[in-house]
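Below are the chains, spelled out letter by letter.
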Amino acid sequence: MSEKKETVTLTDNSTGESIELPIIRPTNGIPTIDVRSLYSQLGYFTFDPGFVSTASCRSKITFLDGEQGILQYGGYPIEQLAEQSNYLEVCYLLLHGELPSAEEYAEFKNDITYHTALHEALKRFFSGFRRDAHPMAIMVGVVGALSAFYHKHKNLHDEDYRHKAVHRLIAKMPTIAAWSYRYANGLPFTYPQNHLGYAENFLHMTFSLPTEEYVPDPFFVKALDLIMILHADHEQNASTSTVRLAGSSESNPFASISAGIASLWGPAHGGANEAVIKMLVDIVESDNDVPYYINRAKDKEDRFRLMGFGHRVYKNHDPRATIIRETCHQLLEHVGKGSEYQELFDTAVEIERIALEDDYFVSRNLYPNVDFYSGIILLAMGIPLNMFTVIFAMSRSVGWISHWNEMINDPESKIGRPRQLYEGALPRDFVEIDQRS
Ligand code: SDX
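Here we summarise the structure given alongside this text. (Residues numbered from 1 in each chain as written. Predicted model: local features only at pLDDT ≥ 70, side-chain atom pairs only at ≥ 80, totals over all residues. Heavy atoms only, no water.)

1. Points about the overall build of the chain
Point 1. A tally of regular secondary structure across the chain gives 19 helices and six strands.
Point 2. Against the compact-globule benchmark of 22 Å for 437 residues, the chain has a radius of gyration of 24 Å, which places it among compact chains.
Point 3. With respect to the three principal axes, the spread of C-alpha positions in the chain is 80 × 70 × 55 Å.
Point 4. Going through the 437 residues of the chain one by one, you find that 47% of them count as buried.
Point 5. Counting only contacts in the chain whose residues sit at least 6 apart along the sequence, the fraction spanning at least 24 positions is 70%.
Point 6. Surface summary for the chain: the accessible area is close to 22,700 Å², and the carbon and sulfur share equals 52%.
Point 7. Of note, the chain has its 39 positive side-chain charges centred 6 Å away from the centre of its 57 negative side-chain charges. (Helix = DSSP H or I, 4+ residues; strand = E, 2+ residues; numbered from the N terminus. Rg over C-alpha atoms; globule rule 2.2 N^0.38 Å. Buried < 20%, exposed > 50% of the residue type's maximum accessible area, 1.4 Å probe, protein only. Contact = heavy atoms within 4.5 Å. Areas by Shrake-Rupley, 256 points an atom, 1.4 Å probe, with all protein chains shown as cover. Lys, Arg positive; Asp, Glu negative; His and termini not counted. Charge placed at Lys NZ, Arg CZ, Asp CG, Glu CD.)

If you want it as structure tokens, here you go:
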């Protein structure tokens, strides 16, 4: 006997008409109501600005539980991956859904390493920007331009093409990120060194000088690798959803990722790490008048928000923020208590303490998110403010390309085309300009 399908009954009280909508249960998390037949059966659209209650796709890559503050890549808790894995191994996990064997890891690492160099002609793209261009503007442009170099044919369903495109993107993001910094600071472009690890190579390309030997601080290498693991993927966030929507028209992967970078740049999303530091500096310069800023964040007449606080999904602690806060504390110990960044960290800890005792934040489940402490770590490593979101984009590129790949492979996938709730003018006839009032 076939299993009775689970459904919900939706009744239109204005007509008395009822329909059954199927329930689709996940392997983990919140069940969904399949509304694909809602319009054809009952003549309604759903209305969900910001997709607060909408599952846009099926995915096996990352699981979040906002109520419990849980984040898992391929079922592995972020706390264990942060502690025991490394960024490249996490890239393999996100792309393939399984941790690699030693042999698979060696082959993957080799494949990525030998695609880190950029086509020499790409150098001229950088010199087209003003020296004071924000590195995110450069990254949006140069990543999109990869379409002109690595997208020879349009067949996205060619497995080998996608395999190469995925690996090229992961491999080249650190080089593009480092060159954005080098160009902005009038430094010569550096080349990736194949004997260096992924995070170490980025620090080398960013900070090495032709005039002297540069060996990245191992503590900084480990801290950066951890930051990249924590930022690698996060389910259907704004930038990942942008990549999926752009890619759903079968646009090439490089152009689709460039759209994701543009979305991440916003201060409500990946630009928050830069905004947090600006906020902390303002607070420190105001003699640490934390209560003043907390009250501003609560004032509906004031557009000011506590940057690095709140999250669409986490209504509990963002597990990444907890890990980053501890790493930040350890890094500041490493660079020395007298670090100028210690005051920023102490101020951030004080803000968290006061906010989490304030009903405004507690009642709205507003906790520190991934961006609240991450910037202090980057500053202490010598990475300038305008490179923070570039680091986020470099880390998240594997999440974006994993979701892009999953979407291209999904037989249910179709071009994304939301509808709307139209509230504009009703039909009317054109009026000649000399007849208009
Ligand atoms: C990232 O989606 C992801 O997974 C993103 C991300 C990832 O890894 O990809 O986790 C990365 O983007 C983290 C978020 C970084 N952004 C910030 O830190 C910017 C500050 N935070 C807010 O702008 C806000 O919290 C959002 C954008 C993160 C979430 O906004 P929502 O889900 O749309 O929530 P909301 O704006 O509806 O806020 C609910 C209430 C409102 O008050 P009421 O209308 O109920 O009275 O909480 C208030 C908001 O005013 N509120 C805040 C606040 N965040 C929400 N009030 C003061 N300060 C804040 N930071």
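What follows picks up the thread again.
2. Thoughts on the packing of aromatic side chains
Aromatic ring pairs are reported here in terms of the distance separating the ring centres and the angle at which the planes meet.
Point 1. Applying the stated criterion to the full structure yields 18 aromatic pairs.
Point 2. Their ring planes at 50° and their centres at 6.2 Å tell us that Y150 and F254 sit as a pair that is tilted. Here F254 lies in helix α12 (residues 253–264) and Y150 lies in helix α7 (residues 147–150), a separation of 104 residues in the sequence.
Point 3. Of the residues examined, F254 reaches a relative accessible area of 1% and is grouped as buried.
Point 4. Arranged with centres 5.9 Å apart and planes meeting at 75°, the rings of F309 and F361 form a pair that is edge-to-face. (Phe/Tyr/Trp six-rings, centres within 6.5 Å; stacked < 30°, edge-to-face > 60°.)

3. So, the layout of surface pockets
Point 1. Estimated volume of the second largest pocket: approximately 280 Å³.
Point 2. In terms of lining residues, the second largest pocket is bounded by E79, A82, E83, F219, K222, A223, L226, I323, E326, T327 and Q330.
Point 3. Split by residue class, the lining of the second largest pocket holds five nonpolar, two polar and four charged. (1 Å grid on protein atoms, 1.4 Å probe; cavity = no way out; pocket = protein on both sides within 12 Å on 5 of 7 lines; lining within 4 Å. Points joined across faces, edges and corners; volume = space filled by probe spheres on them. Nonpolar A, V, L, I, M, F, W, Y, C, P; charged D, E, K, R; others polar.)

4. What about the sheet that holds strand β4 (residues 62–65)?
Point 1. Strand order in the open sheet formed by three strands is β4-β5-β6, and the pairing between neighbours is antiparallel. One side of each edge strand has no neighbouring strand; the edge strands of this open sheet are β4 and β6 (76–77). (Pairing = 2+ DSSP bridges.)

5. Describing the sheet that holds strand β1 (residues 7–12)
Point 1. Spatially, β1-β2-β3 is the arrangement adopted by the three strands of the open sheet, whose pairing is antiparallel. Each of the sheet's edge strands pairs with one partner strand only, and the pair in question is β1 and β3 (32–33).
Point 2. Summarising the sheet, β1 and strand β2 (residues 17–24) pair through six bridges and their orientation is antiparallel. Of the residues in β2, the one forming a bridge with T9 is E20.

6. A closer look at empty space enclosed by the protein
Point 1. This structure, assessed with the given rule, holds one cavity of 30 Å³ or more.
Point 2. In this structure, the largest cavity occupies an estimated 100 Å³ of space.
Point 3. In terms of lining residues, the largest cavity is bounded by L88, K109, I112, T113, T116, A171, P174, L196, G197, Y198, N201 and M205.
Point 4. When contributions to the lining of the largest cavity are tallied by element, the ones reaching two or more residues are α4 (102–113), α8 (159–184) and α9 (198–207).
Point 5. Grouping the constituent residues of the lining of the largest cavity by class yields seven nonpolar, four polar and one charged.

7. Points about the site of the ligand
Point 1. The environment of the ligand is made up of 24 residues, and the closest members are H234, H311, R312, R320 and R396.
Point 2. The side chain of Y360 places a nitrogen or oxygen atom 2.9 Å from a nitrogen atom of the ligand.
Point 3. The contact in question runs from an oxygen atom of the ligand to an N or O atom on the side chain of R364, over 3.2 Å.
Point 4. Its free accessible area being 1,100 Å², the ligand has 77% of it covered by the protein chains.
Point 5. Among the residues forming the shell around the ligand, the class breakdown is 10 nonpolar, seven polar and seven charged. (Near = heavy atom within 4 Å. Polar contact = N/O pair within 3.5 Å; in protein donor to acceptor, adjacent residues only side chain to side chain.)

8. A word on the environment of Y341
Point 1. With respect to the helices and strands, the residue Y341 is situated in helix α16 (residues 340–355).
Point 2. Spatially, the C-alpha atom of Y341 lies 9.9 Å from that of V281, the residues being 60 residues apart in sequence.
Point 3. Among residues more than four places away in sequence, those in contact with Y341 are L332, I376, L379 and A380.

9. Quick look at the nonpolar core
Point 1. In this structure, L306, I351 and I376 are the most contacted members of the largest nonpolar core, which totals 121 residues.
Point 2. No other element matches α8, which puts 13 residues into this core.
Point 3. In this view, I376 contacts I277, L280, C328, L332, Y341, L344, F345 and A348; residues no more than four positions away in its chain are not counted. (Core = buried A, V, L, I, M, F, W, Y, C linked by side-chain atoms within 4.5 Å.)

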